[in-house]
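For reference, the chains in residue letters:
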Amino acid sequence: MILYIFVAVATVMLGMLVNNHGIKQNGAVARWQALNVLSLGSVFLILFALSACRLNVGNDYAKYVEFMHLVYCDAFVPTEVGFNGIVKLLYGISGFENYLLVFAFFAFFTVLIFLAAIYRQADSFGFSFFLFMAFGYYFQSFNTVRYYLALAIALYAIPYVLKRQWGRFIFLVLLGATLHKSLLVVIPLYILASLPWKKWQLALAAAFCSTFFFMQDFYLKAVIFLYPTYEDTEYLEGGTSLVNILRCVAVLVLAVFCYYLKGKKKEKESARNRFYFYCNLGALVMYVCCSFLPIISRIGYYLTITHIFFLSALLSGIENRKIRGLLKAGVFCAAVLYFGIFILRKAGGDGLRILPYETFMFHDMVPILSDVN
């Protein structure tokens, strides 16, 4: 626990030194550019090392090692073709079942793409990166490594949605879907969130959402069609998160307050913030209306990940410095509280099991199912 807190504090402090909106100078390296390279490089190395050096950290670590073993043996696995290809390639290069290299590969690209997405899109890299760490996205990437790499790709693809560059957006999504096919849901969700919805259209959407309450069997069958391995398993139990609902409600209230406080902004900013707003609204609707779906948390994360940009954009758009400072302090305290609850109550639970931290340098891997049998 102390290690995670130290890593979070150290990387956030380094992230605060990053300037992702500096003006480049021709023929010379500005001081802020050199500082960016040093700070971002340090953040990347810390996060990558912590993730790559872990052993049996995460509730599905052993399951992934089992999947990799089955892929290497050409047996059936429920994982996607991209993941299977990466495992075969890295195992082939290593000459043995080097699962540590596979986890390091996913850690490398997950951290790299997340940092690139934040640097590219955030109003303030430091504040958005702080929210990224405080909301637990990095530490949760120790679980379901395929999904979190797909989530990073989804985050990186958002500018293509806002610029209506649909070819690049769909290409990235299809590429990421070879690792985790749940990424395909962002094609309709992000396109819908980018639309300038009118009131009557929102009313129709609300009517459609009401079908989730009395057509649950139909939607469950659709999920089983997409995820046949879920049939007759505990994964169909569903469930939702009260914490995530409260977070979406808090962001919604803040967005409405900021809108009436600052009035209309220029079109480019309003289009971007509108996208974030509808992502948050969509996540709230899903958490409330679709709690029976077993994959609702994964779908919801594709939408709530935009909070790290939306909150920063909302606060930076407030002209009154005193009000902006108070709201920023409130968001900061709420995020720290969220992180505290995450570390103290969730990190060591069965759902995550990222505590205690263990590394291959001092610990041995537990037997996997194939070893036992």
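Residues numbered from 1 in each chain as written. Predicted model: local features only at pLDDT ≥ 70, side-chain atom pairs only at ≥ 80, totals over all residues. Heavy atoms only, no water.

Asker: Mind showing me how you'd approach the overall build of the protein here?
Answerer: Helix and strand content of the protein: 19 helices and zero strands. Radius of gyration (C-alpha) of the protein: 21 Å, near the 21 Å computed for a compact globule of 373 residues. The principal-axis extents of the C-alpha atoms in the protein amount to approximately 65 × 60 × 40 Å. Counting the 373 residues in the protein, one finds 47% classified as buried. Of the contacts formed within the protein by residues at least 6 apart in sequence, a portion of 77% connects residues at least 24 apart. Summed over its atoms, the accessible surface of the protein is roughly 18,700 Å², and 68% of this surface lies on carbon and sulfur atoms. One way to put it: in the protein the 30 positive side-chain charges average out to a point 20 Å from where the 18 negative ones average out. (Helix = DSSP H or I, 4+ residues; strand = E, 2+ residues; numbered from the N terminus. Rg over C-alpha atoms; globule rule 2.2 N^0.38 Å. Buried < 20%, exposed > 50% of the residue type's maximum accessible area, 1.4 Å probe, protein only. Contact = heavy atoms within 4.5 Å. Areas by Shrake-Rupley, 256 points an atom, 1.4 Å probe, with all protein chains shown as cover. Lys, Arg positive; Asp, Glu negative; His and termini not counted. Charge placed at Lys NZ, Arg CZ, Asp CG, Glu CD.)

Asker: Teacher, can you tell me more about the pattern of salt bridges here?
Answerer: Pairing is possible between side chains of opposite charge, provided their charged atoms come close. The final tally for this structure, using the stated rule, is three salt bridges. Residues Lys-88 and Asp-74 are paired through a salt bridge, measuring 2.8 Å at the closest nitrogen-oxygen approach. Of this pair, Lys-88 sits in helix α4 (residues 81-94) while Asp-74 is found in the loop between α3 (61-72) and α4, placing the two residues 14 residues apart along the sequence. Across the salt bridge formed by Asp-123 and Arg-272, the nearest N and O atoms sit 2.7 Å from each other. Of this pair, Asp-123 sits in the loop between α5 (99-121) and α6 (125-134) while Arg-272 sits in helix α15 (residues 267-289); the two residues are 149 residues apart in sequence, bridging distant segments of the chain. (Salt bridge = Lys/Arg side-chain N within 4 Å of Asp/Glu carboxyl O.)

Asker: Can you help me understand the packing of aromatic side chains in this one?
Answerer: Pairs of aromatic rings are described using the distance from one ring centre to the other and the angle between the two planes. Here the structure, examined in full by the defined rule, presents 39 aromatic pairs. With centroids separated by 5.2 Å and ring planes inclined at 90°, the aromatic side chains of Phe-44 and Phe-108 adopt a geometry described as edge-to-face. On the criterion of sequence distance, the pair formed by Phe-44 in helix α2 (residues 31-52) and Phe-108 in helix α5 is long-range, its members being 64 residues apart. A residue is classified by how much of its surface remains accessible, and Phe-108, at 31% relative accessible area, is partly exposed. (Phe/Tyr/Trp six-rings, centres within 6.5 Å; stacked < 30°, edge-to-face > 60°.)

Asker: Help me understand unusual backbone geometry, please; the structure alone is not making it clear to me.
Answerer: The phi angle of most residues is negative, glycine excepted, and most peptide bonds adopt the trans form. The omega angle of the peptide bond from Leu-355 to Pro-356 is 0°, so this bond is cis rather than trans. Positionally, Pro-356 belongs in the loop between α18 (321-346) and α19 (369-372). Not every positive phi belongs to a glycine, and Arg-353 is a case in point at roughly 55°. Residue placement: Arg-353 occurs in the loop between α18 and α19. Judged by relative accessible area, which is 26%, Arg-353 ranks as partly exposed.

Asker: Any chance you could explain the environment of Phe-114 here in plain terms?
Answerer: Turning to its location among the elements, Phe-114 is positioned in helix α5. For the pair formed by Phe-114 and Phe-132, sequence separation is 18 residues and the distance between their alpha carbons is 9.1 Å. Excluding anything up to four places from it in sequence, Phe-114 contacts Phe-132, Tyr-148, Leu-151, Ala-152, Leu-155 and Ile-305.

Asker: Can you help me understand the packing of α2 against α5 in this one?
Answerer: For any two helices packed against each other, the geometry is given by the interaxial angle and the distance between the axes. Following both chains from N to C, one finds α2 and α5 inclined at 145°, their axes separated by 9 Å at the closest point. You can see that α2 and α5 cross each other, and the crossing is right-handed. Taken together, the residues of α5 that come into contact with α2 (itself represented by Trp-32, Asn-36, Leu-40, Val-43, Phe-44, Leu-47, Phe-48, Ser-51 and Ala-52) are Ala-104, Ala-107, Phe-108, Val-111, Leu-112, Leu-115 and Tyr-119. Here the residues of the contact of α2 with α5 are counted per class, giving 14 nonpolar, two polar and no charged. (Axes fitted to C-alpha atoms, helices over the stretch in contact; angles between N-to-C directions. Left-handed = near helix turned anticlockwise from the far one by under 90°. Nonpolar A, V, L, I, M, F, W, Y, C, P; charged D, E, K, R; others polar.)

Asker: Just to check I follow, could you spell out the nonpolar core for this structure?
Answerer: In a soluble, globular protein the nonpolar side chains are often hidden away together inside. Counting residues in each nonpolar core, the largest one holds 119 residues, and the members touching the most others are Phe-129, Phe-139 and Tyr-190. Looking at this core, the element that brings in the most residues is helix α8 (residues 145-162), giving 14 residues. Beyond its immediate chain neighbours, meaning those up to four positions away, Phe-139 contacts Tyr-4, Ala-8, Leu-50, Met-133, Phe-339, Phe-342 and Ile-354. (Core = buried A, V, L, I, M, F, W, Y, C linked by side-chain atoms within 4.5 Å.)

Asker: How should I be thinking about the side chain of Ser-141 in this particular structure?
Answerer: Mapped onto the elements of the fold, Ser-141 is located in the loop between α7 (137-140) and α8. Beyond its immediate chain neighbours, meaning those up to four positions away, Ser-141 contacts Arg-54, Thr-110 and Tyr-148.

Asker: Please explain the packing of α3 against α5 as it appears in this structure.
Answerer: Orientation of α3 relative to α5, taken along the N-to-C sense of each, is 115°, at an axis distance of 10 Å. Between α3 and α5, the crossing angle belongs to the class labelled roughly perpendicular. Like other packed secondary-structure pairs, α3 and α5 cross with a definite hand, here right-handed. Residue-level inspection shows Tyr-61, Tyr-64, Val-65 and Met-68 of α3 in contact with α5, the latter providing Tyr-99, Leu-100, Val-102 and Phe-103. Its residues assigned to classes, the contact of α3 with α5 comprises eight nonpolar, no polar and no charged. (Parallel < 35°, antiparallel > 145°, perpendicular 65-115°, else oblique.)

Asker: Sorry if this is basic, but what is going on with α4 here?
Answerer: Think of an α-helix as turning once every 3.6 residues; residues three or four places apart then point the same way. Helix length check: α4, at 14 residues, gives a terminal C-alpha distance of 20 Å against a target of 20 Å (1.5 Å per residue), a fit within 8%. Regarding α4, the residues found buried are Gly-82, Phe-83, Asn-84, Ile-86, Val-87, Leu-90 and Tyr-91. On its buried face, α4 is in contact with α3, α5 and α8. Remark: Gly-95 follows α4 within two positions and exhibits a positive phi of approximately 85°. (Expected span 1.5 Å × (residues − 1).)

Asker: Just checking my understanding: could you explain the state of the cysteines for this structure?
Answerer: A disulfide bridge is the covalent bond that connects two cysteines by way of their sulfur atoms. A full pass over the atoms with the stated rule returns zero disulfides. Here Cys-289 is not cross-linked by a disulfide; its sulfur's nearest cysteine counterpart is in Cys-209, at 5.6 Å. Under the relative-accessibility criterion, Cys-289 is labelled buried at 12%. Cys-333 carries a free sulfur, and the closest cysteine sulfur to it, the one in Cys-258, is 16 Å from it. (Disulfide = S-S within 2.5 Å.)

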